[in-house]
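Next come the chains, spelled out residue by residue.
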Amino acid sequence: MSSPVPPTHPDLTTDRLVLRSWTTADATAVLDGVRASHWADDFPAEGDHVIAGLFAEHPAWLGPYGHRLILERATGLVIGSIGLFWPPSDGALEIGYGIVPSRRGRGYAPEATRALTAFALGAPGVHAVHATVELSNPPSIRVLEKSGFRRHSTPPGHDTARYQAH
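In this text, all values refer to a predicted model and were calculated from it rather than measured experimentally.

Student: For this particular structure, what's the right way to read the overall build of the chain?
Tutor: Helices and strands together make up the secondary structure of the chain, namely four helices and eight strands. Written out in order from the N terminus, the α and β elements of the chain read β-β-α-α-β-β-β-α-β-α-β-β. The C-alpha radius of gyration of the chain comes to 15 Å, within 12% of the 15 Å expected for a compact globule of 166 residues. Taken over the C-alpha atoms alone, the chain extends approximately 45 × 30 × 30 Å along its principal axes. Expressed as a percentage of its 166 residues, the buried residues of the chain come to 45%. Long-range pairs, those at least 24 residues apart, make up 58% of the contacts in the chain with a sequence separation of at least 6. Looking at the chain as shown, the accessible area adds up to about 8100 Å², and 55% of this sits on carbon and sulfur atoms. Averaging the coordinates of the 14 positive side-chain charges in the chain and doing the same for the 16 negative ones gives two points 8 Å apart.

Okay, here's the thing in structure tokens:
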């Protein structure tokens, strides 16, 4: 697989990133362990394998408000993924994200999270986007805070917190 399959939904573009919808060919390549030339050397990460494996059960995740690959504009390489767990529940969507280790610390995760959150909040019937993060994961908490999310709740006896953006 030497070039990406054309996306089925419009890309979201930021200053440094392109968020492109996953295709079934992307998911198949990840699951089959096929290396694509447009992937960073350390893509896919474990979370990308998990998401790719769930597309058959959750086809809406491949829709316009679903999961996207994160491409670094300067290189054209896939450096992670980000997604919305569609459909909304009571007007809220959950977001998840991951950047490969070789590209962490550059502000890519907050940049992608801000873009996809803004896009999600423009979807019909969506009024909030949230994420659940382990309290033992300060880098992910910083991503959410830099993206404009605020701690919404911490269930008693849990090691997680829920962050939300409106």
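Student: So what exactly am I meant to see when it comes to the sheet that holds strand E8 (residues 160-165) here?
Tutor: The strands making up a sheet associate through backbone hydrogen bonding, with each pair oriented either parallel or antiparallel. A sheet is described by the order of its strands in space; here eight strands give the open sequence E1-E2-E3-E4-E5-E6-E8-E7, paired in mixed fashion. The sheet is open, and its two edges are formed by strand E1 (12-13) and strand E7 (150-153), each paired on a single side. As judged from the three bridges shared by E7 and E8, these two strands associate in the antiparallel manner. Its bridge partner lying in E8, Arg 150 is registered against Gln 164. Across the face of the sheet, helix H4 (residues 138-146) comes into contact with strand E5 (92-99), strand E6 (128-134), E7 and E8 while running at roughly 160 degrees to E6.

Student: Got a minute to help me understand the packing of helix H1 (residues 24-32) against helix H2 (residues 46-54) in this structure?
Tutor: Each packed pair of helices is defined by two parameters, the angle between the axes and the distance between the axes. Look at H1 against H2: their axes get within 9 Å of each other, and the N-to-C directions meet at 125 degrees. With respect to each other, H1 and H2 are oriented oblique. The hand of the H1/H2 crossing is left-handed. Here H1 contributes Ala 27, Val 30 and Leu 31 to the contact with H2, which in turn contributes Asp 48, His 49, Ala 52 and Gly 53. The class makeup of the residues in the contact of H1 with H2 is four nonpolar, two polar and one charged.

Student: Please clarify how the side chain of His 9 should be interpreted in this entry.
Tutor: Topologically, His 9 is positioned in the segment before E1. Take His 9: its relative accessible area is 18%, and that puts it in the buried class. A polar contact is formed between the side chain of His 9 and the backbone oxygen of Leu 62, at a distance of 3.1 Å. The contact partners of His 9, leaving out residues within four places of it in the chain, are Ser 21, Leu 62, Gly 63, Pro 64 and Arg 68.

Rules of the game
- Residues numbered from 1 in each chain as written.
- Predicted model: local features only at pLDDT ≥ 70, side-chain atom pairs only at ≥ 80, totals over all residues.
- Heavy atoms only, no water.
- Helix = DSSP H or I, 4+ residues; strand = E, 2+ residues; numbered from the N terminus.
- Rg over C-alpha atoms; globule rule 2.2 N^0.38 Å.
- Buried < 20%, exposed > 50% of the residue type's maximum accessible area, 1.4 Å probe, protein only.
- Contact = heavy atoms within 4.5 Å.
- Areas by Shrake-Rupley, 256 points an atom, 1.4 Å probe, with all protein chains shown as cover.
- Lys, Arg positive; Asp, Glu negative; His and termini not counted.
- Charge placed at Lys NZ, Arg CZ, Asp CG, Glu CD.
- Pairing = 2+ DSSP bridges.
- Axes fitted to C-alpha atoms, helices over the stretch in contact; angles between N-to-C directions.
- Parallel < 35°, antiparallel > 145°, perpendicular 65-115°, else oblique.
- Left-handed = near helix turned anticlockwise from the far one by under 90°.
- Nonpolar A, V, L, I, M, F, W, Y, C, P; charged D, E, K, R; others polar.
- Polar contact = N/O pair within 3.5 Å; in protein donor to acceptor, adjacent residues only side chain to side chain.

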